[in-house]
Structures are given as structure tokens and as C-alpha cells.
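This is what each chain is made of:
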Amino acid sequence: MNKGVRALLAGLLTVGLAVPVASAAQAGDGLCDSGFACGYDLTSYGDPVFGTAKSLSDWSDQGFGNRADSVSVNGASCKYTVFYRTWYLWDSRPIGKAFTLYSRQLMGRNYRDPNLSNGAGFDSNGTDVRNDIEATEFTGC
């Protein structure tokens, strides 16, 4: 490889490393990036982290179904995120609504729950939903 190509590659690599990489969430603080719904394997937003930006998402299909002990959301253009207990494979849709959280950037409150064992969101009625979430849907868009 000649010096000109090496210099070009080195310059591109340097520029690439200087650009911050967006992630679905930072473990430990429960703050999802804009446009994401996030789940965490442990209470208090512990690792590993799962994040999805799909407006309707089957968490099981992505390897995170029935694993979340804590969650957070930050819909970019949607005010709410609904969490469901089941993804109905035959119709490719969620069923069994569990609870709803608000978008952090659009609503500014009720956007995370560090412990799903004591209920979550404003409409879960204190039901234990840890390790019982299979799908999310952004609503209020």
C-alpha cells in the first residue's frame, strides 16, 4: 500500500474515532438515547442493555424477551411507550398490555422504572412485570 493511501486511511480512521458513537442507553443511569425503548437485565438499570428504535418491536425476536428487570424510554416523536407481556406470532402484534411509560424528552416524567417487580408506569396497578415483557410500541405520535 502506498503512502498516500495509508495517509488517507489514517485520516479517515482518526476522524471516525473522533465522532461519538450513539448507543441505546448507558447502563447505570437508565437514560435511553432519543428514539429508543430500553430494557436492562438487572434492577437499577444494570447490564446488559437492550435497546430498540422500532415503533413496534418484538423483544423475543431480538433475544431480550422476558429478561427485563428495569426499563426506560425516550420516544423521539412519540409521547408514550406501551410495554406488552406477549408477542402474538400469528398476527405479528403485541397482546397483554402491561404498562406505559412517557418519553423522557417529550414528557419529562415517568420515563423509567428501576425495579419492575413492584409495578411500572402509571397503569400497571402494582403488578410484578419483571422478566415478563416481550414487546413495545411507541404511541401518541
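The structure we're discussing is the one just above.
What this report covers is the structure whose coordinates are included nearby. (Residues numbered from 1 in each chain as written. Predicted model: local features only at pLDDT ≥ 70, side-chain atom pairs only at ≥ 80, totals over all residues. Heavy atoms only, no water.)

## What about the overall build of the protein?
Here is step 1: Looking only at helices and strands, the protein has 2 helices and 10 strands in total.
Here is step 2: Secondary structure elements of the protein occur, N-terminal to C-terminal, as α-β-β-β-β-β-β-β-β-α-β-β.
Here is step 3: For the protein, buried positions account for 37% of its 141 residues.
Here is step 4: Here the analysis covers contacts within the protein between residues at least 6 apart in sequence; of these, 60% occur between residues at least 24 apart. (Helix = DSSP H or I, 4+ residues; strand = E, 2+ residues; numbered from the N terminus. Buried < 20%, exposed > 50% of the residue type's maximum accessible area, 1.4 Å probe, protein only. Contact = heavy atoms within 4.5 Å.)

## Overview of the environment of Ile133
Here is step 1: With respect to the element layout, Ile133 can be found in the loop between β9 (112-113) and β10 (135-139).
Here is step 2: Overall, the relative accessible area of 0% leaves Ile133 in the buried class.
Here is step 3: Sequence spacing of Ile133 and Thr86 is 47 residues, and the spatial spacing of their C-alpha atoms is 6.9 Å.
Here is step 4: When neighbours within four sequence positions are excluded, Ile133 is seen to be in contact with Trp59, Phe64, Gly65, Asn66, Phe83, Tyr84, Ala98 and Phe99.

## A word on the pairing of strand β6 (residues 70-74)
Here is step 1: With respect to burial, β6 is a largely interior element, 5 of its 5 residues being buried.
Here is step 2: Neither face of β6 is open: one carries Ser70, Ser72 and Asn74, the other Val71 and Val73, and all of them are buried.
Here is step 3: Where strand β3 (residues 36-42) lies against β6, 5 bridges are found, and the strand directions are antiparallel. Bridge pairing links Gly39 to Val71 in β6.
Here is step 4: Judged from the 2 bridges that link them, β6 and β9 form a sheet pairing that is antiparallel. Among the inter-strand pairings, Ser72 is bridged to a residue of β9, identified as Arg112. (Pairing = 2+ DSSP bridges.)

In short, the description is geometric, and any link to function would need to be established separately.
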